[in-house]
Amino acid sequence: MSISISEHSITEFVRWADYLGTFAFAISGTRLAAAHRFDWFGAFVIGLVTAVGGGTIRDVMLDLPVFWMIEPSYILIATLALFVTIVLRHWLVRINNTVFIFDAIGLGLFTAVGVAKSLHAGLPWWIAPVMGTVTGSFGGILRDILINEVPLIFRNDFYAMACVIGSFVYLGILYLGWSAPVAQAATALTVMILRILAAHFHWSIPALKPHLDDPTSKK
């Protein structure tokens, strides 16, 4: 199975997906920090970590320069997200699913970015779903750890699985010979739709239940 992606394919859609995903994840992180009564600096840190955490881990694993350390746009976007949340906080609070909506948008966009950058780095196709999932979900893991919650990805929630499915949609479209921007847009939409449907229909991954006699299990 041979899949390739050109430099031109990345610079258009992926760059904007990266920016929009950063903004969406920063909003979701900042909004969650506000719900926990963090101060402005704490909210900025949570928003920034949510936005760049997954991409940072991805770049380290791919042995690439960490994206936000060579381009200040991402810190500026996270800062903008903080002020947008402060200015529009009353409106955002009234929307009960604010965190979920922006989280779903960021998850879809970042999954597409992760797959694209993995393929562009010349790695085997089977690494792409891993990088798509890392880019999309690991910022949320770091966010949840910092606010002292069990990471969403480790609960029986349809979160990382949406990234995996979206990544294979990307690979399938490229394998069929369609253009990379089509694959990237389809991947982002697939992940977003899956997250929305999963929330609406309460889809979840079955929890791993211990044996009743297991002394380490929680009662």
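Our subject is the structure that appears above.
All of these numbers come straight from a predicted model, not from anything done at the bench.

Cut-off values and rules
Residues numbered from 1 in each chain as written. Predicted model: local features only at pLDDT ≥ 70, side-chain atom pairs only at ≥ 80, totals over all residues. Heavy atoms only, no water. Helix = DSSP H or I, 4+ residues; strand = E, 2+ residues; numbered from the N terminus. Contact = heavy atoms within 4.5 Å. Polar contact = N/O pair within 3.5 Å; in protein donor to acceptor, adjacent residues only side chain to side chain. Salt bridge = Lys/Arg side-chain N within 4 Å of Asp/Glu carboxyl O. Buried < 20%, exposed > 50% of the residue type's maximum accessible area, 1.4 Å probe, protein only. Core = buried A, V, L, I, M, F, W, Y, C linked by side-chain atoms within 4.5 Å.

Here we look at the environment of Arg 58
With respect to the helices and strands, the residue Arg 58 is situated in helix 2 (residues 40-61). For the pair Arg 58 and Thr 133, spaced 75 residues apart in sequence, the C-alpha to C-alpha distance is 9.5 Å. The contacts of Arg 58, once residues within four sequence positions are left out, are Phe 67, Val 113, Gly 114, Lys 117, Met 131, Val 134 and Thr 135. Among the polar contacts made by the side chain of Arg 58, one reaches the side chain of Asp 59 at a distance of 3.0 Å.

Focus: the pattern of salt bridges
Under the counting rule described, the total for this entry stands at 5 salt bridges. Ionic pairing is found between Arg 15 and Glu 71, a salt bridge with its closest N-O pair at 3.3 Å. Of this pair, Arg 15 sits in helix 1 (residues 7-35) while Glu 71 sits in the loop between helix 3 (67-70) and helix 4 (73-87), and the two are 56 residues apart along the sequence. In this structure, Lys 117 engages Asp 18 in a salt bridge whose closest nitrogen and oxygen atoms are separated by 3.5 Å. Of the two residues, Lys 117 sits in helix 6 (residues 98-120) while Asp 18 sits in helix 1, which places them 99 residues apart along the sequence. A relative accessible area of 18% places Lys 117 in the buried class. A cluster of three or more residues bridged by salt bridges with shared partners is formed by Asp 103, Arg 143 and Asp 144.

Notes on the nonpolar core
In terms of nonpolar packing, the biggest core is built from 30 residues, with Phe 25, Val 52 and Leu 107 touching the most fellow members. Elements with a contribution of two residues or more to this core: helix 1, helix 2, helix 4, helix 6, helix 8 (160-175) and helix 9 (180-201). Among residues more than four places away in sequence, those in contact with Leu 107 are Phe 25, Gly 136, Ser 137, Tyr 159, Cys 163, Val 191 and Arg 195. With 16 residues, the next largest nonpolar core counts Leu 174, Ala 180, Ala 183 and Ala 188 among its residues.

The values are spatial; any link to function lies outside them.
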